[in-house]
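Residue-level structural notes
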Amino acid sequence: MLLIGRSDFIRQNACRRRFGRHESDIAGAATGFRSPMRVIQTIAVRCFLASLTGLLAFACFGAAQSRAAGEVRQPIAIQFSFDRPIDASAAPFVLAASRGLFGAEGLAVTTDIASGSPDAIARVAAHTSDFALVDINELIRFRDRPNAPPIKAVFVLFNKSPYAIVARKSRGIRALSDIEGKTLGVADGDLSIRLWPALARQNGIKIASVKQNKISAAVREPMLSAGQVDAVAGFSYLSAVNLRDRGVPADDLAVLRYADYGCEAYGFAVIVNPAFAAARPEAVKGFLRAVIAGTHLAITEPGRAADEVASRMDGGSRDLELERLRTVIHDNILTGEVIRNGIGSIDPARFDRSIDQIAEDFNFRKRPSAVDIFDDAFLPPPGGRLIN
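A few points on the structure. (Residues numbered from 1 in each chain as written. Predicted model: local features only at pLDDT ≥ 70, side-chain atom pairs only at ≥ 80, totals over all residues. Heavy atoms only, no water.)

So, about the packing of helix H4 (residues 91-98) against helix H13 (residues 302-311). Contact geometry for H4 and H13: axes closest at 9 Å, N-to-C directions at 85°. By the criterion of interaxial angle, the relationship of H4 to H13 is roughly perpendicular. Of H13, the residues touching H4 (which contributes Ala 91, Val 94, Leu 95 and Ser 98) are Ala 305, Glu 308 and Val 309. Residue composition of the contact of H4 with H13, grouped by class: five nonpolar, one polar and one charged. (Axes fitted to C-alpha atoms, helices over the stretch in contact; angles between N-to-C directions. Helix = DSSP H or I, 4+ residues; strand = E, 2+ residues; numbered from the N terminus. Parallel < 35°, antiparallel > 145°, perpendicular 65-115°, else oblique. Contact = heavy atoms within 4.5 Å. Nonpolar A, V, L, I, M, F, W, Y, C, P; charged D, E, K, R; others polar.)

What follows is about empty space enclosed by the protein. This model, assessed by the stated rule, comprises two cavities of 30 Å³ or more. If you add up the space inside the largest cavity, you get close to 60 Å³. The wall of the largest cavity is formed by Phe 82, Asp 83, Arg 84, Pro 85, Ile 86, Asp 87, Ser 89, Ala 90, Leu 133, Tyr 237 and Phe 268. Among the residues forming the lining of the largest cavity, the class breakdown is seven nonpolar, one polar and three charged. For the lining of the second largest cavity, the element with the highest residue contribution is helix H8 (residues 196-202), accounting for three residues. In terms of residue class, the lining of the second largest cavity is built from four nonpolar, two polar and no charged. (1 Å grid on protein atoms, 1.4 Å probe; cavity = no way out; pocket = protein on both sides within 12 Å on 5 of 7 lines; lining within 4 Å. Points joined across faces, edges and corners; volume = space filled by probe spheres on them.)

Turning our attention to the nonpolar core. If you look at the biggest cluster of nonpolar residues, it comprises 95 residues, and the most contacted ones within it are Trp 196 and Phe 287. The element best represented in this core is helix H12 (residues 281-300), accounting for 10 residues. Residue contacts for Phe 287: discarding those within four places in its chain leaves Ile 78, Phe 80, Phe 93, Phe 102, Leu 107, Val 109, Phe 131 and Val 270. Judged by nonpolar contacts, the second largest core, of 10 residues, contains Ile 215, Met 223, Val 229 and Leu 243. (Core = buried A, V, L, I, M, F, W, Y, C linked by side-chain atoms within 4.5 Å. Buried < 20%, exposed > 50% of the residue type's maximum accessible area, 1.4 Å probe, protein only.)

The five strands are arranged E2-E1-E3-E10-E4 in an open sheet whose pairing can be described as mixed. Both edges of this open sheet fall to strand E2 (107-113) and strand E4 (152-156), since each of them pairs with a single strand only. Pairwise comparison of adjacent strand axes, ignoring direction, gives a mean angle of 30° for this sheet. Note that strand E1 (residues 76-82) and E2 share seven bridges and pair parallel. Residue pairing for E2: Phe 80 is matched across the bridge by Thr 111. (Pairing = 2+ DSSP bridges.)

Strand order across the open sheet formed by five strands is E7-E6-E8-E5-E9, with mixed pairing between neighbours. Two strands in the sheet have a free side with no partner beyond their single neighbour: strand E7 (211-215) and strand E9 (253-257). For this sheet the average axis-to-axis angle between neighbouring strands, irrespective of direction, equals 30°. Here helix H10 (residues 236-245) sits on the sheet and contacts strand E5 (163-168), strand E8 (231-235) and E9; the angle it forms with E8, its principal contact strand, is near 125°.

Our focus in this paragraph is the pattern of salt bridges. Counted under the stated rule, the structure contains 24 salt bridges. Between Arg 123 and Asp 119 there is a salt bridge, with the nearest N and O atoms lying 3.1 Å from each other. Taken together, the positions of Arg 123 and Asp 119, both in helix H6 (residues 117-125) and four residues apart, correspond to about one turn of that helix. Owing to a relative accessible area of 23%, Asp 119 belongs among the partly exposed residues under this scheme. Salt bridges linked by common partners bring Arg 99, Glu 301, Arg 304 and Glu 308 together as one network. (Salt bridge = Lys/Arg side-chain N within 4 Å of Asp/Glu carboxyl O.)

This next bit is on the side chain of Glu 308. Within the fold, Glu 308 resides in helix H13. Polar side-chain contacts of Glu 308 include one of 2.3 Å to the side chain of Ser 98. If near-sequence neighbours (up to four positions away) are discounted, Glu 308 is found in contact with Val 94, Leu 95, Ser 98 and Arg 99. (Polar contact = N/O pair within 3.5 Å; in protein donor to acceptor, adjacent residues only side chain to side chain.)

You can see Asp 87 is positioned in the loop between E1 and H4. Comment: no salt bridge for buried Asp 87; closest opposite-charge side chain is Arg 324, at 5.0 Å. Look past the residues within four positions of Asp 87 in its chain and what remains in contact with it is Tyr 237, Leu 238, Val 309, Met 313, Glu 321 and Arg 324. (Lys, Arg positive; Asp, Glu negative; His and termini not counted.)

Structurally, Arg 312 can be placed in the loop between H13 and helix H14 (318-333). Contact partners of Arg 312, with chain neighbours within four places excluded, come to Val 94 and Ser 98.

Its volume calculated, the largest pocket comes out at about 760 Å³. Arg 84, Pro 85, Ala 217, Arg 220 and Leu 238 are, among the 33 residues lining the largest pocket, the residues nearest its centre. Tallied by class, residues from the lining of the largest pocket come to 11 nonpolar, nine polar and 13 charged.

Laid out in structure tokens, this is it:
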């Protein structure tokens, strides 16, 4: 502005020297007409102001872009609960964390351990946890409670439940029908026994003929190993592998998987707090993509997966967890249904049949349907869930 004013001053002095006394006449005759000098000055000022405005707008846009970039880079904090201490079945989540798969989705995931599926579900219901890995059959029962929050599963990890009766062949049990007249050890809080009535009736076994011995989970395998019971109810990948580790010969163990005898139940699934899912749907989708990628790694690199799981356990054995992981992959995760349709979803018709089986030992206030329990809206398309 100062430069423009000085230039105008110089021009005006030059005009006075050149035109002398005619200056006043020109000024008088210019009434209603703008001086060329003033036009030039006005145009220059307007150009300067326009340039300044543009620079300020560009600076503001750049600052806004920087703030937006900062917001995108800020990871979303997620609390995730396991329903039991970590073992090889948790490998997909362990790998998703250690290999940076959660981080690549913009998530900062922290974990804790609940005291079983009911406790893990309660944590998600109270929103002290955003996600949890739980037995989906326990979720079905939970949702039947009065005023239960509408928690749903969004990803099924175990396409077949791990429920099994593990017996000693040397005690005369080789098939499920041999269980009649025997003693079955049942641990406190065991979930598999809740589907035993449906399984027994489906296979023509007289429930009353099987004596149930209530025991602590800590002595389940030791009692079978010592011959104090004939069989135990539990999870195949836990009891069977633990018994072999205790020195029970593999050819003396009969692992009677519920799924092999007509049980339709799914197993472990990821649940999410409904308020979190509504507020951050993209975070839910990203979490599931990371878990699927972690599952791929667990299947293709079981040895490395076992190493990472064992390193996070107190006194974990790499060889034991590798055997456990291979059992889980073969029996529970990589099933024919998963190979055909991809991991994570359900077959609604099969799911409804599994609810019918639960109803044989559980009186529903209102029987749920598959859509009441499972929501596939956060899953990738089938092509993004295929696992070979």
